[in-house]
Amino acid sequence: MMRPRVLSAAAIAAVTVVGLAVLPNGAATAGDTGLRAAARGTGVKIGTAVNMDALATDAPYAAAGAREFNTVTPENVMKWEVVEPTQGHYDWTQADKLVDVARRNGQAVRGHTLVWHSQLPSWINETDFTPAQLRDLLRRHIFAEMGHFKGRIWAWDVVNEAFNEDGTLRDTIWLRNLGPGYIADAFRWAHQADPSAILFLNDYNVEWIGPKSTAEYNLIKDLRRQGVPVQGFGMQGHLGIQYGLPGDVLENVRRFDALGVKTAFTEVDIRMILPDDQIKTQAQAEGFGLLLRACLLVRHCISYTVWGFTDKYSWVPGVFSGEGSATPMTEDYQKKPAYDTLKETFQLAS
Ligand code: XIL
């Protein structure tokens, strides 16, 4: 095994327990040859974002989700706008469902996401709260949500997308009203709310070394020096082949690894300008493999999550005009070279 990782007996046992995929109807799939089987024994979990509408209505989607992945991330249903649509009235229905399905499938849950500038409930933006009130609201939100799921979430994206491309802090309602200390506060509150969850700082365009990833590196280093419980760095991994692949991703992940924090690829999809063709599809496969190898080659990278596994439900075409085909499976669940590359890479590592 190439990976410089020592698997403890407990880790091996844990891997064995989740090794059998259980379908939503309770049937176990013996002789499973999907990604989660390939990932077994590597120390890296393989995950997907889950679309709750698809899960409820599309049986092949639910079956593939259970077969291929041993960790899941709610694509939307743990976001603040969903869980507290009106102030003080929580709605955990969809998020509870996701956590329940994950438990039945033997999948760890990545909670996503507590502190973000986007997908906030409209009552937050529309009410004239004072800075003190906003600080209180954020604290309550973290305690309410993490408290609700206490002990059932493996890792939380505590703070999401806090930086600009130039490495300065993003101008958000939190920075404007609470000042830069909101990040440390959020991690402290999160650790109090659920001490067993691994707490992540998460962002995009941080797969390579540049002003943004370096700013996050420096922040994590500073916070840890002060004893703030930031325990992981998540790289979303929303790439586009037309921009080139991040050749220095391993070097980048290694410097975070050396800080002693966990790392993860949290939302990998690799889009292209449509229509797709063989060259683009192959470049995409190389991108998926490049990120996975970086994860497998460091000690503390714990998971690799794709932001949807089929183009059928991908967020990409709706947001990046003219682009798509960003996931490892086509709309009708045909495996692309990206899928095969992920599987073969895991197999080589285990
Ligand atoms: C996206 C979802 O995929 C969409 O369904 C939703 O409309 C918008 O958010 N970074 C993140 C994710 O951290 O939460 C985003 O998810 C994609 C970018």
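Peer 1: What should I look at first to understand the pairing of strand β10 (residues 262-273) in this one?
Peer 2: It is a general feature of regular strands that their side chains alternate between the two faces of the sheet. Most of β10 is tucked away, with 10 of its 12 residues classed as buried. As defined by bridge partners, strand β8 (residues 232-235) adjoins β10 across four bridges and the pair is classed as parallel. When the bridges of β10 are listed, M235 appears paired with F265. Strand direction decides the pairing type here: strand β9 (residues 238-240) and β10, joined by three bridges, are parallel. In the strand pairing of β10, G240 is matched with R271. As for the winding sense of the linkage, the β-α-β connection from β10 through helix α13 (residues 278-296) to strand β11 (residues 301-306) is right-handed.

Peer 1: Even after reading the chapter, I still don't get the side chain of E161, so can you show me in this structure?
Peer 2: Within the element layout of this structure, E161 appears in the loop between β6 (155-160) and α9 (173-178). The side chain of E161 sits in the buried core without any salt bridge; R170 is the nearest counter-charge, 4.4 Å away. In this structure, E161 is in contact with W116, H117, R170, N202, D203, Y204 and Q236, ignoring residues within four places of it in sequence.

Peer 1: Explain the pairing of strand β5 (residues 108-115) here, please?
Peer 2: In terms of burial, β5 is a largely internal element, eight of the eight residues being buried. Bridge analysis of strand β4 (residues 71-74) against β5 gives two bridges, and the strand direction is parallel. Counterpart to V72 in the pairing with β5 is V109.

Peer 1: Is there a simple way to explain unusual backbone geometry in this structure?
Peer 2: Trans is the prevailing form of peptide bonds, just as negative phi is the prevailing case for residues other than glycine. With an omega of -5°, the peptide bond between H112 and T113 qualifies as cis. Tracing the backbone through its elements, the reader meets T113 in strand β5. Cis peptide bonds are those with omega within 30 degrees of zero, and the linkage from L274 to P275 qualifies with 0°. Residue position: P275 is located in the loop between β10 and α13. Unlike most non-glycine residues, Q119 shows phi in positive territory, near 50°. Within the fold, Q119 resides in the loop between β5 and α7 (122-126).

Calculation rules
- Per-chain numbering applies: the sequence of each chain, read as written, is numbered from 1 onward.
- Local features in a predicted model are, by the rule used here, given only for residues with pLDDT of at least 70; side-chain atom pairs are given and counted only at 80 or more, and totals for whole chains, interfaces and linings are based on all residues.
- Heavy atoms throughout the structure, all of them, feed into the side-chain values; hydrogens and water do not.
- Only protein chains enter the accessibility calculation, which uses a 1.4 Å probe; a residue whose area is less than 20% of its type maximum is buried, one above 50% is exposed, and one in between is partly exposed.
- Secondary structure elements are taken from DSSP: a helix is a run of H or I of four residues or more, a strand is a run of E of two residues or more, and numbering for both begins at the N terminus.
- A pair of strands is treated as paired once DSSP finds two or more bridges between them.
- Consider the strands pointing away from the viewer: the crossover is right-handed when the path from the first strand over the helix to the second runs clockwise.
- We count Lys and Arg on the positive side and Asp and Glu on the negative side, and we leave His and both chain ends out.
- The salt bridge criterion pairs a side-chain nitrogen of Lys or Arg with a carboxyl oxygen of Asp or Glu, the two atoms within 4 Å.
- The contact criterion used is simple: two residues touch if any of their non-hydrogen atoms lie within 4.5 Å.

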